[in-house]
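# Structural overview
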Amino acid sequence: MNFLRFSSASSASAGHQLQNSLLLGFAHGSCSTWSSSLGAPPFRVPRRRAWSGLKQASMFGCAWESQSWGMVPAANPWDYGVAVHSRRETRSASVSRSVGDAENFSGKFRNLKSRSKWSLYASRVEPYSTNGADRSYEGVAAVDGELLWSGRWWARPIDARKQIFCNRSLNMKSIDAIGFDMDYTLAQYKPETFESLAYVGTIQKLVHNLNYPSELLQWKFDWRFMVRGLVLDKRRGCILKMDRHKYVKVAYHGFRELSRDDRQAMYGNTLSRESYDEPDYALIDTLFSLAEAYLFMQLVDFKDAFPDKMPSGAYDYSQLYKDVRSAVDLCHRDGTLKQAVANDPSKYINEDPLIIPMLKMLKQSGRKLFLVTNSLWDYTHVVMNFLCGKCGTEGGVPRDDEWLSYFDVVVTGSAKPTFFMDGNRTPLFEVDISTGMLQNTDSGVPMAQIGGVGLEGVVLPNATVKKAHRVFQGGSVAHLHNLLSIEASSQVLYVGDHIYGDILRSKKELGWRTMLVVPELAAELDVLHQTMTIRKEISELRTQRDDLEDSLLRLEWCLRHENHTDEDQQRLEQEVAHLRKENAIVREQHRQGQRECHHLFHKTWGQLMKTGYQNSRFSHQVERFACLYTSHVTNLCYYSPNKSYRTTEDFMPHELQGDRR
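Calculation rules
Residues numbered from 1 in each chain as written. Predicted model: local features only at pLDDT ≥ 70, side-chain atom pairs only at ≥ 80, totals over all residues. Heavy atoms only, no water. Helix = DSSP H or I, 4+ residues; strand = E, 2+ residues; numbered from the N terminus. Buried < 20%, exposed > 50% of the residue type's maximum accessible area, 1.4 Å probe, protein only. Contact = heavy atoms within 4.5 Å. Areas by Shrake-Rupley, 256 points an atom, 1.4 Å probe, with all protein chains shown as cover. Salt bridge = Lys/Arg side-chain N within 4 Å of Asp/Glu carboxyl O. UniProt positions renumbered as here; feature names shortened; annotations may be inferred. Polar contact = N/O pair within 3.5 Å; in protein donor to acceptor, adjacent residues only side chain to side chain. Phe/Tyr/Trp six-rings, centres within 6.5 Å; stacked < 30°, edge-to-face > 60°. Pairing = 2+ DSSP bridges.

Let us now look at the overall build of the chain. Looking only at helices and strands, the chain has 17 helices and 25 strands in total. Across the 661 residues that make up the chain, the buried fraction comes to 51%. Long-range pairs, those at least 24 residues apart, make up 79% of the contacts in the chain between residues at least 6 apart in sequence. Carbon and sulfur atoms form 49% of the exposed surface of the chain, whose accessible area is close to 32,200 Å².

This is the structure we're talking about:
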């Protein structure tokens, strides 16, 4: 008999969670040996259940040999091993996964791991197929090393960074059409090059078109500094991070952090609550906004230090923001950004070999696919060809129209979020994909041209593109529903990256089901895993702090409102002094621990989804409007197109307290 052997360490709590872990995948031939240096499992451990299309195979024994683990290397703390004897062979492979507890954060938090031995169950995955009339699957070849749902190899549990998280239960069997945004959804831009390109272009427009001083051209851009979910205060020249209740927890004026007292004086001591919305505030809710927000902070500091060097019109911080926005718009209008991307797509866009397998799998599942993007046809054509492996640049594979075969409808120049709004009367034009010319349509039906020039004479579609795969510009969601024959909004799942332009409006206005792409989530999950121990220590310090404060308040009450002998009075006063000193020490340790943990996620803004103990405003919006969210759109490859996504149980604070009894 063959054995899968794992060497790892686990704490008692982690071991309890992993006791019923299930691994699904091929287990042919000899199996591999696993070492303790290979990382740790994802958070969610699947329940045992019967899987359609899976054939139960023999069970394999497994022994876990416990060791003390140190810090998992930050470069790749979630490294999962897949030992494939020959990745290009189609008949045999061995799949193994490391199981272990969270690493220790530092020496002072180091704890020994208990020795545990658990059983591991392995199953054989047969190629998935179904005879259903409305859903048919054909095998989609997996990329080397990838365990895809529709590929030959598939395994659970799924790497946490590739998981899809659920806020609102969604049964994919009820979805008839799946739509995608393009920029920062299908196409993931490289921040170190693309955002720097936007930053440089914006500064050039400020200097050459809006009369800002030429020394701005020497400024540098730190693409790591800004994050999504912040709020820009146009009047005061500040950048804010708020919790879900809209309380400001972190604030910077330019690059100067405001103290707690300054922050309270500016945003806390008011008779009425601020809305933190337009026109006085701007939301940094898209990755496209990071460069302009960073530039705004630089301009605030520059204006404070050298007010005499600013243009005559830049009299306040609000005008600075207007000028930055005007410069950004100029970059988009004159094609500065998009032409640079078109000339060298690989410099600015991440290649993703899973795009095509994902689209093929969804098409084979019987869904209608559509693309709705604000980019115009010429740029969309360049980007989508690159994502499909056809860069079209010198020495590359020539661009063609094959990518259109993956979509039933493509809408460019959609002007989201207006596209989703009720009452939108924007006309819908059909695009001649060979010339880029536009043809008038009546809700998608071509209109005859005056003078005998009809559609046949102007916009003959490319012979390689089926009539059903049509490209449009403008229009509204009513046109899209008509083109796709959608009967109910709940039949549509839309995947995008913009919390307002893609997710909020499509959810609130239409009732579409939504999935938000949050690229930052993968790194956040890494740090969450690395800081499990320190976050537990911080929680214990908080409990200790609460206990000390309660004891101190009780003794102070006794001293103030009860009669005591002189001896008891002196003893109580000494005890109060001792508790105050101890409470101050614990409070400082608690705050220091919070700061350290905060800086591990991001040295300035901390955890994306949290602000202290509260969910951040961004997290609150994700929870409200995104049915699903994930780090990358192609994570759909790891799940069945018919999967039923289920939420975790909600808890009120009193329910959590009940669990501790």
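So that's the structure; there's more coming.
The next point concerns the side chain of Ser375. Summarising the element assignment, Ser375 is placed in the loop between β14 (368-372) and α9 (377-387). In this structure Ser375 comes out as buried when scored by relative accessible area, which is 2%. Ignoring anything within four residues of it in the chain, the contact list for Ser375 reads Met182, Asp183, Lys338, Thr380, Thr412 and Gly413.

When helix α2 (residues 191-210) is considered as a whole, its buried residues turn out to be Phe194, Glu195, Ser196, Leu197, Ala198, Tyr199, Gly201, Thr202, Ile203, Lys205, Leu206 and Val207. Along its buried surface, α2 packs onto α4 (290-305), α5 (317-333), α6 (336-343) and α7 (345-348). Backbone geometry just downstream of α2 places Asn211 in the positive-phi region, at approximately 65 degrees.

Once their charged atoms are close, side chains differing in charge can pair, the charge on each being opposite to the other. As enumerated under the stated definition, the model contains 20 salt bridges in all. With a closest N to O distance of 2.9 Å, Asp181 and Lys416 form a salt bridge. On the criterion of sequence distance, the pair formed by Asp181 in the loop between β8 (177-180) and α2 and Lys416 in the loop between β15 (409-412) and β16 (428-431) is long-range, its members being 235 residues apart. By the burial criterion, Asp181 is buried, and Lys416 matches it. The network of salt bridges with common partners includes Asp159, Arg161 and Asp526.

This part is about the UniProt feature "coiled-coil region" (unreviewed entry) in the chain. The UniProt record marks residues 562-589 with the feature "coiled-coil region" (unreviewed entry), using the residue numbering of this structure. Taken end to end, residues 562-589 has its terminal C-alpha atoms 33 Å apart, with 86% of it in helix and 0% in strand.

Here we take up the environment of Glu257. You can see Glu257 is positioned in strand β12 (residues 256-257). Distance from Glu257 to Thr604, taken between C-alpha atoms, is 9.2 Å for residues 347 residues apart in sequence. When residues no more than four places from it in sequence are discounted, the contact partners of Glu257 are Val250, Ala251 and Tyr252. A polar side-chain atom of Glu257 sits 3.5 Å from a polar atom in the side chain of Tyr252.

This next bit is on the packing of aromatic side chains. Overall, the coordinates contain 29 aromatic pairs when judged by the stated rule. Centroid distance Phe420 to Tyr494: 5.8 Å. Interplanar angle 70 degrees. Geometry classified as edge-to-face. Within this pair, whereas Phe420 is found in the loop between β15 and β16, its partner Tyr494 is found in strand β20 (residues 492-496), the two being separated by 74 residues in sequence. No difference in accessibility class separates Phe420 from Tyr494, as the two residues are buried.

With that settled, the discussion passes to the environment of Gln319. When you line up the elements, Gln319 lands in helix α5. Each C-alpha atom, one on Gln319 and one on Arg235, is 9.0 Å from the other, the two residues being 84 residues apart in sequence. Those residues in contact with Gln319 that lie beyond four places of it in its chain are Gly313 and Ala314.

Another aspect to go through is the pairing of strand β9 (residues 230-233). By the alternation rule, side chains of β9 split into Leu230 and Leu232 and Val231 and Asp233, which are all buried. Two elements, β9 and strand β13 (residues 281-284), share four bridges in a ladder whose sense is antiparallel. Looking at β13, one finds that Leu232 is bridged to Ala282. Sheet topology note: the β9/strand β10 (residues 238-242) ladder contains three bridges and is antiparallel. Looking at the pairing, Val231 lines up with Leu240 of β10.

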